[in-house]
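# Summary of the model geometry
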Amino acid sequence: MQTIDRFPPGDAWTDDQPPLSESPSIHPTARLWKCTVGAWTEIGAHTQMGECSFGDYSYTAGDVMALYSEIGKFCSIASHVRINPSNHPMERVSQHHFTYRRVQYDFDTVDDAGIFAWRRADQCVIGHDVWLGHGVTVMPGVKIGIGAVIGSGAVVTKDIAPYEIAVGVPAKPLRKRFPDDQIEQLLRIAWWDWDHATIKARFHDLLDMNTFIEKYGAK
């Protein structure tokens, strides 16, 4: 038997990950257009994002596609996730994109700007500290609350509340991660808005819920 390691340092599946910084880490194969990307972020291989905001500390594991979306801080986005796949004009005789990408097919001198405005207005919003499992699809216009978990392969067609775990096709809430009183405290504390120095100073408190609520929750 021979051990083979063909992954360069810091690539997927290796334990030795390079340190991140305030400058986003964007894989050379990623494609971004008209996006804002926060600090301490990592955008994995073959990720494609268009007209998205991507919050501090969030990452994509690779092969992710996102369009017209607001993605919060500390989000964990697994591979092959699709956020806001484009809808087609089903009410037309043909729903094919030649009906709006008209110039490409030599059917007109201008494209149908209204279709793109319609898609842009149907924005997805992913809250802070959300985990989207492998192969999740988040349909246009859906909002996923802070701290939610979406199970692998789920298709999210309706809004998901903060700290809910949702699974299935279509995705349905399974249970909440924490009791309601703890969820209320977490939303009130809003630790995701702390600056880097504060998080670093309080890092170990973040590892234990009871300690965290006791120290930073409402008295």
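Residues numbered from 1 in each chain as written. Predicted model: local features only at pLDDT ≥ 70, side-chain atom pairs only at ≥ 80, totals over all residues. Heavy atoms only, no water.

### Describing the overall build of the protein
The condition that has to hold: Going along the chain from the N terminus, every DSSP run of H or I of four or more residues is numbered as a helix, and every run of E of two or more is numbered as a strand. Think of it in three bands: residues with accessible area under 20% of the maximum for their type are buried, residues over 50% are exposed, and the middle band is partly exposed, with areas taken using a 1.4 Å probe on protein chains only. Contacts between residues were defined by any pair of non-hydrogen atoms, one from each residue, lying within 4.5 Å. All accessible-area figures derive from a Shrake-Rupley calculation using a 1.4 Å probe, and residue coverage is judged against the displayed protein chains alone. Only four residue types enter the charge count, namely Lys and Arg as positive and Asp and Glu as negative; His and the chain termini do not. To locate a charge, take NZ of a lysine, CZ of an arginine, CG of an aspartate or CD of a glutamate.
Summing up its helical and strand segments, the protein has four helices and 17 strands in all. If one aligns the C-alpha atoms of the protein with their principal axes, the spans along those axes are about 65 × 50 × 35 Å. Looking at the protein as a whole, 38% of its 219 residues are labelled buried. Here the contacts in the protein between residues at least 6 apart in sequence split such that 24% fall between residues at least 24 apart. Counting every atom, the protein has about 13000 Å² of accessible surface; 54% of that belongs to carbon and sulfur. If the 21 positive side-chain charges of the protein are averaged to one point and the 27 negative ones to another, these points end up 4 Å apart.

### Structural notes on the nonpolar core
Rules: Put simply, buried Ala, Val, Leu, Ile, Met, Phe, Trp, Tyr and Cys residues joined by side-chain atoms within 4.5 Å make one nonpolar core.
Of all hydrophobic cores here, the largest spans 27 residues; its most connected members are Leu 132, Val 138 and Ile 144. Elements represented by at least two residues in this core include exactly β5 (48-54), β7 (65-71) and β10 (124-126). Sorting elements by how many residues they give to this core places β5 first, with three residues. When neighbours within four sequence positions are excluded, Ile 144 is seen to be in contact with Val 125, Ile 126, Gly 127, Val 130, Leu 132, Val 138, Ile 150, Val 156 and Ile 160.

### Remarks on the pattern of salt bridges
Stated precisely, the cut-off is as follows: Think of a salt bridge as a Lys or Arg side-chain nitrogen and an Asp or Glu carboxyl oxygen that are within 4 Å of each other.
Overall, the coordinates contain eight salt bridges when judged by the stated rule. A salt bridge links Glu 51 to Arg 120; the nearest nitrogen and oxygen atoms lie 2.7 Å apart. Taken together, the residues Glu 51 in strand β5 and Arg 120 in helix α1 (residues 113-121) connect sequence positions 69 residues apart. By relative accessible area, Glu 51 is classed as partly exposed at 22%. Residues Arg 177 and Asp 129 are paired through a salt bridge, measuring 4.0 Å at the closest nitrogen-oxygen approach. Note that Arg 177 is positioned in the loop between β17 (172-176) and α2 (180-189) and Asp 129 in the loop between β10 and β11 (131-132), a separation of 48 residues in sequence. A relative accessible area of 23% means that Asp 129 is categorised as partly exposed.

### Quick word on the side chain of Gln 182
Locating Gln 182 in the fold gives a position in helix α2. Once residues lying within four places of it in the same chain are set aside, the contact partners of Gln 182 are Met 209, Asn 210 and Ile 213.

### Looking at the environment of Tyr 105
Filter applied, for reference: Contacts described as polar in this section are N or O atom pairs within 3.5 Å, which, within protein, must combine one atom able to donate a hydrogen with one able to accept it, while residues neighboring in sequence count only if both atoms come from side chains.
For Tyr 105, the position within the fold is in the loop between β9 (82-83) and α1. Among the residues examined, Tyr 105 registers a relative accessible area of 34% and is labelled partly exposed. Residue contacts for Tyr 105: discarding those within four places in its chain leaves His 96, His 97 and Phe 98. Among the polar contacts made by the side chain of Tyr 105, one reaches the side chain of His 97 at a distance of 3.0 Å.

### Focus: the pairing of β5
The cut-off we apply is this: A pair of strands is treated as paired once DSSP finds two or more bridges between them.
Here three bridges tie strand β2 (residues 31-33) to β5, and the two strands are oriented parallel to one another. Residue Trp 33 lies in a different strand from β5, and its bridge partner there is Gly 50. Note: strand β3 (residues 36-37) against β5, two bridges, orientation parallel. Across the sheet, Thr 36 pairs through a bridge with Ser 53, a residue of β5. Bridging between β5 and β7 involves six bridges; their strand directions are parallel. Pairing of Phe 54 across the sheet is with Ile 71, part of β7.

Remember, this is a structural readout, not a statement about activity or role.
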